[in-house]
Amino acid sequence: MNQIEIVTLVFTCSVITYSLSSVYYVYKLRGNLRYQSMNEYIRKGWFIFAPLNCLFYLLTRPYARQPIMDIQQFPELDEIRESWQVIRQEALALREKQHFDQVEGPASDEDYYDLGFRTFYKYGWSKFYLNWYGYQHASALDLCPKTSAILAKNKHIQGAMFSFLPPGGRLTRHLDPIAYSLRYQIGLDTPDSQQCFIDIDGQQYAWKDGESIIFDETYIHYAENNSDQQRLVLMCDIRRPMNPLGRGISFIMDKIMPVTVVPNMPGDRRGLLSRVFASVSPLLSEVRKLKQSNKSLYRLIKHTTNFVLLALLLSLLVGIFYALMWLTAM
Ligand SMILES: [Fe+2]
């Protein structure tokens, strides 16, 4: 065995060990709320991103490592908090003009298909993008100019939207795939009641007008509005506080994330990945229908797709490694 082969072997073993340890850590050890089963973890836990996420967790500054953060540690968001009433006025006007309705319901499958939030519409939730990872939505600039200006000034905001939960609405247990950001929410028009809350890793928080929360959206969380009033909040992805190495990886992610941009209205841009998924969404709907009519076939397609995606990802990693080895050997 020559030196390159030994290095390759050690590297490959290390990557496999680290990846399996990451998956185990997220499944078994991270947080108070546990997955109900391995099945739930596979369906909702984004295990494929566990190695990347664990790297982000390691690189996160200590004050940002809890499920819910101390808001005082984020003075960079004070200006947004102080402007909440201006933001509220624009959000309420949008709601009144029914612009949220354009992106909710079955129509969103074709025109506004949103890979990241596609499962959220089931129980009444809807949203309106303000900006998303470097892209300023033209519709938001037009309909919410003051909010857009406030957000554009703040370099810690990576993406923002108005998020609406009607009376009786809910979001089931889920977590976000990549631990690249933290989630910031400020109440704009809320029931101010314990009946309307978000549960993050077992801790419940009831929204209040003008009050905000920052949490790590890669912990299991869910939301319910059991009141008879609507809940409207500003929801932002903010930069995860990380050390310089983490910020370096974030810089690369900044270049990738614009592919996930989804429009609010005609005239807004659609990112490449979002365009691809929008074009295959009719096919995905047909596959989902199999869940009722032919469960075995549905499972076969689902597991095969997951396997192929995993194999592609691993091939990409191995390919990058061999390319690097080849370049250094030249
Ligand atoms: Fe969420």
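That block above? That's the structure.
Here the residue index of a chain counts from 1 through its sequence in written order. pLDDT decides what is reported in this predicted model: residues at 70 or higher carry local features, side-chain atom pairs at 80 or more are listed and counted, and totals for whole chains, interfaces and linings draw on all residues regardless.

Undergrad: Looking at this structure, how should I read the sheet that holds strand β4 (residues 170–174)?
TA: The strands making up a sheet associate through hydrogen bonds between their backbones, and the pairing can be parallel or antiparallel. When DSSP finds two or more bridges between a pair of strands, those strands are recorded as paired. Per the convention used, a helix needs a DSSP run of H or I reaching at least four residues, while a strand needs a run of E reaching at least two, with both numbered from the N terminus. Here we have four strands laid out as an open sheet, ordered β4-β9-β6-β7, and antiparallel in their pairing. The open sheet terminates on both sides in strands that have one partner only, identified here as β4 and β7 (203–206). Going from strand to strand, the sheet's axes swing by 20° on average, the running direction of each strand aside. Structural elements are reduced to axes, namely lines fitted to C-alpha atoms, with helices fitted over the stretch in contact, and the angle between N-to-C directions of any two is expressed from 0 to 180 degrees.

Undergrad: Explanation requested: the environment of Asp78 in the structure shown.
TA: Counting through the fold element by element, Asp78 comes out in helix α4 (residues 78–82). With C-beta atoms placed from the backbone, a residue is labelled by how many other C-beta atoms lie within 10 Å of its own: buried for 20 or more, exposed for 12 or fewer, partly exposed between the two. With 11 C-beta atoms counted inside 10 Å, the residue Asp78 sits in the exposed group. Each C-alpha atom of the pair Asp78 and Met265 lies 30 Å from the other, and the pair is 187 residues apart in sequence.

Undergrad: Where do I start with the nonpolar core in this structure?
TA: Nonpolar side chains tend to gather and get buried jointly when the protein is soluble and globular. With 48 residues, the main nonpolar core has Tyr129, Leu130, Ala160, Phe162, Leu188 and Leu234 as its most contacted residues. At the level of elements, α5 (84–96), β1 (126–132), α7 (145–153), β3 (157–165), β5 (181–189), β6 (196–200), β8 (212–215) and β10 (231–239) are the ones that each hand at least two residues to this core. C-beta atoms are placed from the backbone for every residue, and two residues are taken to be in contact when these atoms lie within 7 Å. The residues contacting Leu188, other than those within four sequence positions of it, are Trp84, Ile87, Arg88, Ala91, Asp209, Leu232, Val233 and Leu234. Each nonpolar core consists of buried Ala, Val, Leu, Ile, Met, Phe, Trp, Tyr and Cys residues. Their C-beta atoms, within 7 Å, join them into a set.

Undergrad: Before we go on, may I ask you to explain helix α9 (residues 272–293) in this structure?
TA: The α-helix advances 3.6 residues per turn, and as a result positions three or four apart in sequence lie on the same side. Helix span, as expected, comes to 1.5 Å for every residue beyond the first. Here α9 contains 22 residues, and its C-alpha end-to-end distance of 32 Å stays within 8% of the 32 Å for a straight helix at 1.5 Å per residue. The quantity called bend is, for any residue, the angle between two axes fitted respectively to the seven residues ending at it and the seven beginning at it. In the structure, α9 departs most strongly from a straight axis at Ser281, where the bend amounts to approximately 50° and where the proline Pro282 lies between one and four residues downstream.

Undergrad: What exactly am I supposed to notice about the packing of helix α1 (residues 3–29) against helix α3 (residues 50–59) here?
TA: A pair of packed helices is captured by two measures, namely the crossing angle of their axes and the spacing between those axes. It is the contact of α1 with α3, at a shortest axis distance of 8 Å, that shows an interaxial angle of 80°. Between α1 and α3, the interaxial angle falls into the category roughly perpendicular. Residues Tyr18, Ser19, Ser22, Val23, Tyr25 and Val26 of α1 pack against Ala50, Pro51 and Cys54 of α3. Asp, Glu, Lys and Arg are counted as charged, while Ala, Val, Leu, Ile, Met, Phe, Trp, Tyr, Cys and Pro are counted as nonpolar; the rest, among them Gly, fall into the polar class. Grouping the constituent residues of the contact of α1 with α3 by class yields seven nonpolar, two polar and no charged. For classification purposes, angles smaller than 35 degrees are called roughly parallel, those larger than 145 roughly antiparallel, those between 65 and 115 roughly perpendicular, and all remaining angles oblique.

Undergrad: Any chance you could explain α7 here in plain terms?
TA: Along α7, the residues classified as buried are Thr147, Ser148, Ile150 and Leu151. End-on, the buried residues of α7 take up no more than an arc of 165°, which puts them together on one face. Residues of α7 that are exposed and point over 90 degrees away from its buried face: Pro145, Lys146, Ala149 and Lys153. Elements in contact with the buried residues of α7: α4, α5, β1, β2 (135–136), α6 (138–143) and β3. The arc in question is the one traced by the directions running from the helix axis out to the C-beta atoms.

Undergrad: Can you walk me through unusual backbone geometry in this structure?
TA: Glycine aside, a negative phi is what most residues show, and trans is what most peptide bonds show. Non-glycine residue Gln98 carries a positive phi angle of around 60°. Relative to the helices and strands, Gln98 is located in the loop between α5 and β1.

Undergrad: I keep staring at the packing of α5 against α7 and nothing clicks. Help me out?
TA: Two numbers describe how α5 lies on α7: the axes approach to 8 Å, and their chain directions differ by 135°. As judged from the angle between their axes, α5 and α7 are oblique. Classified by chirality, the crossing of α7 by α5 is left-handed. In this structure, α5 contributes Val86, Ile87 and Glu90 to the contact, and α7 contributes Lys146, Thr147 and Ile150. Residue classes in the contact of α5 with α7 are distributed as three nonpolar, one polar and two charged. Should the near helix be turned counterclockwise from the far one by less than a right angle, the crossing is left-handed, whereas a clockwise turn marks it as right-handed.

Undergrad: Would you mind going over the sheet that holds β1 with me for this structure?
TA: Taken in spatial order, the six strands line up as β2-β1-β3-β10-β5-β8 in an open sheet, and their pairing is antiparallel. Every other strand in the sheet has two partners, leaving β2 and β8 as the edge strands with one partner each. Here β1 pairs with β3 via six bridges, running antiparallel. Counted as the bridge partner of Asn131 is Ala160 from β3. Here α5 sits on the sheet and contacts β1, β3, β5 and β10; the angle it forms with β5, its principal contact strand, is near 75°. Relative to β1, α7 is tilted by about 50°, and along the sheet it contacts β1, β2 and β3.

Undergrad: Looking at this model, I keep getting lost on the pairing of β6. Mind explaining?
TA: Where a strand is regular, its side chains alternate between the two sheet faces. The element β6 is extensively covered by neighbouring structure, given that four of its five residues are classed as buried. Note that β6 and strand β9 (residues 221–225) share five bridges and pair antiparallel. Note that in β9 the partner of Asp199 across the bridge is Tyr222. In this structure, β6 lies alongside β7, joined through four bridges in antiparallel fashion.

Undergrad: Would you explain the environment of Arg275 in this entry?
TA: Its place among the elements puts Arg275 in helix α9. Assessed through the 14 C-beta atoms surrounding it within 10 Å, Arg275 is described here as partly exposed. Linking Arg275 and Thr260, residues 15 residues apart in sequence, is a C-alpha distance of 8.5 Å.

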